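A structural walkthrough
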Amino acid sequence: MKFNAKLKEIETYEAGKPIELVVRDFGIKPEEIVKLASNENPYGCSPKVQNAVSKIVANMALYPDDSMMKLMAGLSQKFGVAESNLIIGSGSDQVIEFIMHAKADKNSKILINSVTFAMYAIYAKHVGAEIIRTASREHDLEEFYTLYKKENPDIIFLCTPNNPTGDAINKDAMFDFLEKIDKDTLVVVDGAYMEYAGFKDVNKNIQAQELIEKFENVIYLGTFSKAYGLGGMRVGYGIANDKIIKELYKLRPPFNITTLSLEAASVALEDENFVEKCIASCFEQMQRYEAFANKKNIGIIDSYTNFVTLLLRETQNSKEISDALLQKGMIVRDLTGYGMNAIRVTVGTEKQNDRFFELMNELI
Ligand SMILES: *Cc1c(COP(=O)(O)O)cnc(C)c1O
C-alpha cells in the first residue's frame, strides 16, 4: 500500500522507555525500577488531585465539558489573561501540532535550535515544512536573527528552558529579539519548564501575560506534565493574542481533554504550594548531581529545569552507559541521537538519586 510520501521523512518518536517494558525485557521487579527519563515530577501531584479525581471516576458515561469551563477559569486566573487568549491541548504537544497546521505547509520554513525538543521537527515534517537549525547548542539569539533574515521562516521555536539541555534564555535578550521580528512570523515560546526557571532566576522568568501584551505574534506554551506532576493526564495549553487562538481553535478536535484530565489539572492549579515545595526539593537534590559531576570530572550544564544533562568524557560512551543503567532498572535518556555524548537525567527523589549515584559509581 502506498502512503503519503511525507511519512518517508518521519521517524517514529521514541519516548522514554516505560517501566512496563523494562519489567518485561529485563525481568526486573517494577518496584526496583527507577525512571528518570521523561522529566516527570518524582513526587507526583498534589494529594488534592487524587482525592478530587477519585470522586468523579464513577461518572464517565458523559462526554467531557468541551468548554473546559473550570480549567479555563483556573488558567485565566493563574496567568492574568482572558479566556479568549487560551487554548488547551492534550499535552502542549497537541498545541504544537495545531500551530504547525495553522501556520505552515510544504512551502514553509521552521527555525529551531540545533538541539531542542524533538516534537517541533516531527510536526514540521507532518506538513512537509523545511526545518532550519542553528549551529550553536545554546539558543544564540544573534544567530537566530541572522537565520531569520536569511531564511524568512514562518515559525520560530524558542524553547526556554531548553529540553534536553536545561539552559534558559534571558528575558531581556528574548524581548529585544522579539522586537525585531516581523508580525507575520509566529514565534513559539515553549515554557514547559518555566516554573523551575522562574524559581531559580528572575531574569529567566518569562511571564505569559507580559509576553502576549507586548507581542501579538507570539504564543506561549505550558504544560501540566512536568512541575504539576500530571504527565499521565496529558494536559497542556497555549496563551496568545485572541486572533491566533481563534485560528488554532478551528483545528482542535472536540472533547480533546478527558473529564478526568480536566478535573486533575483544575485542582492541581489550586495547590501551588505543593508545586513550590517540589521545585525547591528538586533544586536541593540537583546540587548532589553537580557535586557528583565535579567529583567525576564530567561536564554538567547549568540547569533551569528538573533535569540535568551530564556531558560525558570521550572515553565514556553515553549509549553504553545508559544501556548498562537500563539493565539495572535505571531509565535515563541517552542524547546520542541529538549529536551529544551525554545523558539527560531527571532529578528524582533523594532515594532515586542515591540509586543513580550508586550505579554510576559502579560504571565510571
Ligand atoms: C515535556 C515537554 C513538552 C510537552 O509536554 P506535554 O506532555 O505534551 O504537555 C513540550 N515542550 C517541552 C520542551 C517539553 O519538555
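Position numbers for residues start from 1 in each chain and track the written sequence from start to end. For a predicted model such as this one, the threshold for reporting local features is a pLDDT of at least 70, and the threshold for listing and counting side-chain atom pairs is 80 or more; totals across whole chains, interfaces and linings nevertheless cover every residue. Hydrogens and waters are ignored; side-chain quantities use all the structure's heavy atoms.

**Quick word on the overall build of the chain**
Helix and strand assignments come from DSSP, with helices taken as H or I runs of at least 4 residues and strands as E runs of at least 2, each series counted from the N terminus. Across its full length, the chain holds 14 helices and 13 strands. What the globule rule says is 2.2 Å times the number of residues to the power 0.38, and the radius of gyration is computed from C-alpha atoms. At 20 Å, the chain has a C-alpha radius of gyration in line with the 21 Å of a compact globule built from 364 residues. Along the three orthogonal principal directions, the C-alpha set of the chain runs to about 55 × 55 × 55 Å. Throughout this description, buried means an accessible area under 20% of the type-specific maximum (1.4 Å probe, protein chains only), exposed means over 50%, and partly exposed covers the range between. The 364 residues of the chain split such that 53% are buried. As displayed, the chain offers around 17,100 Å² of accessible surface, 49% of which is attributable to carbon and sulfur atoms. Here the chain contributes 42 positively and 51 negatively charged side chains, and the mean placements of these two sets differ by 3 Å. Using a 1.4 Å probe, the Shrake-Rupley method yields the accessible areas, and only the shown protein chains count as cover for residues. Positive charge is attributed to Lys and Arg, negative charge to Asp and Glu, and no charge count is given to His or to the chain ends. In plain terms, the charge of a residue is placed at NZ if it is Lys, CZ if Arg, CG if Asp and CD if Glu.

**With respect to the state of the cysteines**
Pairs of cysteine sulfur atoms within 2.5 Å are identified as disulfides in what follows. Counted under the stated rule, the structure contains 0 disulfides. Cys 45 carries a free sulfur, and the closest cysteine sulfur to it, the one in Cys 278, is 9.3 Å from it. Of the cysteine sulfurs around Cys 282, a residue in no disulfide, the closest is that of Cys 278, at 9.2 Å. A relative accessible area of 4% places Cys 282 in the buried class.

**What to know about the domain arrangement of the chain**
We note that the domain assignment places domain 1 (5–45 + 273–363) and domain 2 (47–271) within the chain. One C-alpha centre belongs to domain 1, the other to domain 2; they are set 24 Å apart. A contact between two residues is defined here by any heavy atoms of the two lying within 4.5 Å. With 31 residues of domain 1 in contact, the opposing surface of domain 2 contributes 36 residues. By definition, the buried area sums, over both parts, the 1.4 Å-probe accessible area that each loses when the two are put together. Carbon and sulfur atoms make up 67% of the area that domain 1 and domain 2 hide from each other, which totals about 2,900 Å². Counting the surface domain 1 buries against domain 2, the share from its top three residues, Cys 45, Tyr 304 and Tyr 338, is 25%. The term salt bridge refers to a side-chain nitrogen of Lys or Arg lying within 4 Å of a carboxyl oxygen of Asp or Glu. Our count for the contact surface shared by domain 1 and domain 2 stands at 1 salt bridge. Residue ranges assigned to each domain were obtained from an automatic or database domain assignment.

**Here's the deal with the packing of helix 13 (residues 318–327) against helix 14 (residues 350–363)**
Axis definition: a line fitted to C-alpha atoms, over the contacting stretch in the case of helices. Angles run 0 to 180 degrees between N-to-C directions. Running from N to C, helix 13 and helix 14 cross one another at 125°; their axes reach a closest spacing of 11 Å. By the angle class used here, helix 13 and helix 14 are oblique. Seen from above, helix 13 lies across helix 14 with right-handed handedness. Seen from helix 13, the contacting residues are Ile 321, Ala 324 and Leu 325; seen from helix 14, they are Phe 356, Leu 359, Met 360 and Leu 363. Oblique is the label for any angle not covered by the other classes, which are roughly parallel (under 35 degrees), roughly antiparallel (over 145) and roughly perpendicular (65 to 115). Crossings are sorted by hand: turned counterclockwise from the far helix by less than a right angle, the near helix makes the crossing left-handed, and turned clockwise it makes it right-handed.

**Focus: the sheet that holds strand 5 (residues 155–159)**
The strand order across the open sheet formed by 7 strands is 2-8-7-6-5-3-4, and the pairing between neighbours is mixed. Either end of the sheet is taken by a strand with one partner, and the two such strands are strand 2 (86–89) and strand 4 (130–133). Neighbour to neighbour, the strand axes of the sheet diverge by 20° on average, direction disregarded. By the bridge criterion, 4 bridges tie strand 2 to strand 8 (residues 236–240) in an arrangement that is antiparallel. By the bridge assignment, Gly 89 is partnered in strand 8 with Gly 236. Running at roughly 155° to strand 4, helix 5 (residues 118–126) makes contact with strand 3 (109–112), strand 4, strand 5 and strand 6 (186–190) of the sheet. Of the strands in this sheet, strand 5, strand 6 and strand 7 (218–223) are in contact with helix 7 (residues 171–179), which crosses strand 5 at around 175°. Strand pairing is defined by DSSP finding a minimum of two bridges between the two strands.

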